[in-house]
Structures are given as structure tokens and as C-alpha cells.
Amino acid sequence: MRKTGFIAIVGQANAGKSTLLNAFIKQKVSIVSPRPQTTRDSIMGVWTDEDSQMVFVDTPGFLQSKNALNDYMLKSIDNAVKDVDCILLVIDGHNGITERELAQIDKYRKQGVPIVVAVTKIDITQPEKLMPELAKLNGIDGIAEVYCVSSKRNRGVEELKQALKKYLKGSEMYFEEDDVTDKSQRFIVGEIIREKVLIACEDEIPHGIGVAINKMQIEGNAWDIDATVIVEKASHKPIVLGKHGAMIKGIGTHARESIEKLLDARVFLTLWVKVKEDWRNNPSMLNELGYTNRRK
């Protein structure tokens, strides 16, 4: 009989939560970029082997409420840590432990759920900087275990995954054996496009990027996908478009290549750019883009 259960992955923005999730699942189910707030929704990654089914719940990074979208993201974190078997707190080893992370540890240990800490990015962290941080973590009451990992180099990932199995309490299979996420292909396609925009535009555009999938249908052996990139300000639109449309064309090329890998089929992708001012505070726009405060 397999052991099954849910593990919430929490931590600061850019601590490496989504990269670690993808390493656990050995597939890309959560987008990654250097930008804070890349992950906006709780995304489940499912790993099933001969003796377990582990459902990892990736969450947005810790943040402060500034608009309706931030409120949604905060609620996503709160929902994700309810009724889980274990909380996996991801800490950027290169940046060290922050007061916010210490406060989160104190908050979560009051729930009575085991807390395991994954210290990430050890491949770029000097040992003399890392060791005091590990000593500090080992002295905190409420932390069950501490592991050091490098998701990009796949160091310590499998050991951590195997260790987390001991916290699984269930025996019911929640997903089919070949499922890797709870999200639809349509959702992941939209996230891939958003990822490529964030990477291409770097620091020129803040967090106000959304993606609406207008059409996604298979025609013969190819997918026809039409999507709109939504920006908050009129000044952002020419940045996304680029000179003579070069930026959006490059975004489309990179997104299409990734989507073809996801769907294992040829893809025809059409991208548009529209301005929807202050859309992150617009309930109807948030609902249209899938950011609704439903219970996960």
C-alpha cells in the first residue's frame, strides 16, 4: 500500500520554491524567473512511485498586501498550508535567514504540522557563510529536519524527497499514476507565456503582467493558440511589443518552443498585447484570468 499526502512548499520570493518543485517532479510544472511574484497561484506537483504519492503544493512567495491580486496570493498561501502532512520551508542559502522567515516558522509550528527546511542554492553559497545559518536553523525549536539542496544541479533533491515520505499519513490515491499536476494544459500554457514575458522584459515592467488564453484548440496534428498579454499601463505596451514588434515576436518564439515540448505537438501561437489599467484591482479581470479566491 502506498503512503500518500500533501506537502506545502512555502518561502520568500526567489528562494527557489518552483525550481525545487520541478526538480522533485522531474518535469516543469511551475514557471521560473528571477522576478519576485512569478508564482501567483498554488500549483500542485504530483510524484508517484512504487511506495508513495506525494502532492507538493507550490505557493507564491511571502508578500505584503498591496492590491486585490496580492490578497488572492496571500489567501493561496493560507489555503495551501491547511490540512497538509508537512510544511517544507525553502530558504535561500545565499541570502541567509530573514526575520520574516523566523516569524513564519513560529507561525507554522503553532499548527502542529512538521516543518522541514530546505536550504537552497548551495552551489553558489560559500561554506563559511552557510554553516552559521545551518547552526541557527538547527537551534530553532519546531524544525524537524534541515536539508541542503541545489535544485539546478540536482544535489540533495532525491535525498530530501525520500526523507519527506516519512511524514505522509494517508493511503488514498488522490491522482492517477501518470498525473504530474492539478493544473490544466490551458493554465500551464498561459503561465509559460507569462514566464517568457517576465524573462524578456527583465526590470522594464513590474509585476502587472497577465495572460488570457483566447483560443486553444487542436486542428489536425497541430495546436492553434491565441493569447493576449495584458499590461497595466499604456507605457508598458510598446516595451512588450518592442521595436517593429521584435520583442513580442521573440517572446512568441520562445513560448512556442516550450509549449510544443509540453504538448508534444506542433503549435501555431498568436500573441496580442492589450492595456487594462489597474487590472490587479479589478475583480472581473482577476476572475477572467483565473485568480479567484476559491478554496484549493
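Just above, that's the structure.
Since the structure is predicted, the reported quantities are computational estimates derived from the model, not experimental observations. (Residues numbered from 1 in each chain as written. Predicted model: local features only at pLDDT ≥ 70, side-chain atom pairs only at ≥ 80, totals over all residues. Heavy atoms only, no water.)

### Thoughts on the nonpolar core
Membership of the largest hydrophobic core comes to 27 residues, with the highest contact counts inside it found for Ile-193, Ile-225, Val-229, Val-240, Ile-259 and Leu-269. Residue assignment for this core shows that the elements contributing at least two residues are α6 (185–201), β7 (209–219), β8 (222–231), α8 (246–263) and β9 (266–275). Top contributing element to this core by residue count: α6, with six residues. With sequence-adjacent residues up to four places away left out, Val-229 is seen in contact with Ile-193, Val-197, Ile-209, Gly-210, Val-240, Ile-248, Trp-272, Val-273 and Lys-274. Grouped together as the second largest cluster of nonpolar side chains are 26 residues, Val-84, Val-113, Ile-115 and Val-119 included. (Core = buried A, V, L, I, M, F, W, Y, C linked by side-chain atoms within 4.5 Å. Buried < 20%, exposed > 50% of the residue type's maximum accessible area, 1.4 Å probe, protein only. Helix = DSSP H or I, 4+ residues; strand = E, 2+ residues; numbered from the N terminus. Contact = heavy atoms within 4.5 Å.)

### Examining the layout of surface pockets
Approximately 310 Å³ is the volume attributed to the second largest pocket. Looking at the second largest pocket, it is lined by 15 residues, and the ones nearest its centre are Gln-27, Lys-28, Ile-188, Ile-192 and Leu-262. Contributions of two or more residues to the lining of the second largest pocket are made by α6 and α8. At four residues, α6 tops the list of elements feeding residues into the lining of the second largest pocket. Here the lining of the second largest pocket is built from residues that sort into six nonpolar, five polar and four charged. (1 Å grid on protein atoms, 1.4 Å probe; cavity = no way out; pocket = protein on both sides within 12 Å on 5 of 7 lines; lining within 4 Å. Points joined across faces, edges and corners; volume = space filled by probe spheres on them. Nonpolar A, V, L, I, M, F, W, Y, C, P; charged D, E, K, R; others polar.)

### Some thoughts on unusual backbone geometry
At Asn-154, a residue that is not glycine, the phi angle is positive and equals roughly 55 degrees. Notably, Asp-278 is not glycine yet its phi reads approximately 55 degrees, a positive angle. Here Asp-278 is to be found in the loop between β9 and α9 (283–288).

### Examining the pattern of salt bridges
Within this structure, the stated rule accounts for 16 salt bridges. The partner of Lys-28 in a salt bridge is Glu-195, and the shortest N-O contact between them spans 2.6 Å. Of this pair, Lys-28 sits in the loop between α1 (17–25) and β2 (43–48) while Glu-195 sits in helix α6; the two residues are 167 residues apart in sequence, bridging distant segments of the chain. Accessibility expressed as a relative area gives 46% for Lys-28, which makes it partly exposed. Note on Glu-195: relative accessible area 2%, which makes it buried. Here Arg-256 makes a salt bridge to Glu-260, at a shortest N to O gap of 3.5 Å. (Salt bridge = Lys/Arg side-chain N within 4 Å of Asp/Glu carboxyl O.)

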